[in-house]
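# Secondary and tertiary structure notes
Now for the letters of each chain:
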Amino acid sequence: MSDDSDIAQARVFLDLLAAHARTLARAINTAERTFQTQRLRDLHAELHTVRHCIARIHYRYPHITPPNRARI
């Protein structure tokens, strides 16, 4: 029973992380166009952390995948 709730929670977290990664990618685009170098470094660092979290979820639950729209 606890495995089911862990998997459900991982799916929700994965969806949230994927949405946040898309938001960060858009912000990176904007920062590149406006030459905001420090913001760009910060955004890249945060995106790296988000991708690392996504990878850890996939490592722990390899059968969980985000919906096609959420893949990054």
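Residues numbered from 1 in each chain as written. Predicted model: local features only at pLDDT ≥ 70, side-chain atom pairs only at ≥ 80, totals over all residues. Heavy atoms only, no water.

In the nomenclature of an unreviewed UniProt entry, the chain corresponds to Transposase from the organism Nocardia suismassiliense.

What follows deals with the overall build of the chain. Broken down by element type, the chain carries two helices and zero strands. The buried share of the chain, reckoned over its 72 residues, is 28%. Long-range pairs, those at least 24 residues apart, make up 62% of the contacts in the chain between residues at least 6 apart in sequence. Only carbon and sulfur atoms are counted for the fraction: they give 56% of the accessible area of the chain, which is about 5300 Å². (Helix = DSSP H or I, 4+ residues; strand = E, 2+ residues; numbered from the N terminus. Buried < 20%, exposed > 50% of the residue type's maximum accessible area, 1.4 Å probe, protein only. Contact = heavy atoms within 4.5 Å. Areas by Shrake-Rupley, 256 points an atom, 1.4 Å probe, with all protein chains shown as cover.)

This part takes up a nonpolar patch on the surface. Among the surface-exposed residues, V12, F13 and L16 lie close enough to one another that they form a single nonpolar patch of about 300 Å² accessible area. Within the secondary structure, V12 is located in helix α1 (residues 2–33). (Patch = residues over 30% accessible without salt bridge, like charges linked within 9 Å, V, L, I, M, F, W, Y side chains within 5 Å. Salt bridge = Lys/Arg side-chain N within 4 Å of Asp/Glu carboxyl O.)

For the pair α1 and helix α2 (residues 37–60), the least separation of the axes is 9 Å and the interaxial angle reads 160 degrees. With respect to each other, α1 and α2 are oriented roughly antiparallel. You can see that α1 and α2 cross each other, and the crossing is left-handed. For the pair formed by α1 and α2, the contact residues are A10, F13, L14, L17, A18, H20, A21, L24, A27, I28, A31 and E32 on the first element and R39, L40, L43, H44, E46, L47, V50, C53, I54, I57 and H58 on the second. Classifying every residue of the contact of α1 with α2 by side-chain character gives 17 nonpolar, three polar and three charged. (Axes fitted to C-alpha atoms, helices over the stretch in contact; angles between N-to-C directions. Parallel < 35°, antiparallel > 145°, perpendicular 65-115°, else oblique. Left-handed = near helix turned anticlockwise from the far one by under 90°. Nonpolar A, V, L, I, M, F, W, Y, C, P; charged D, E, K, R; others polar.)

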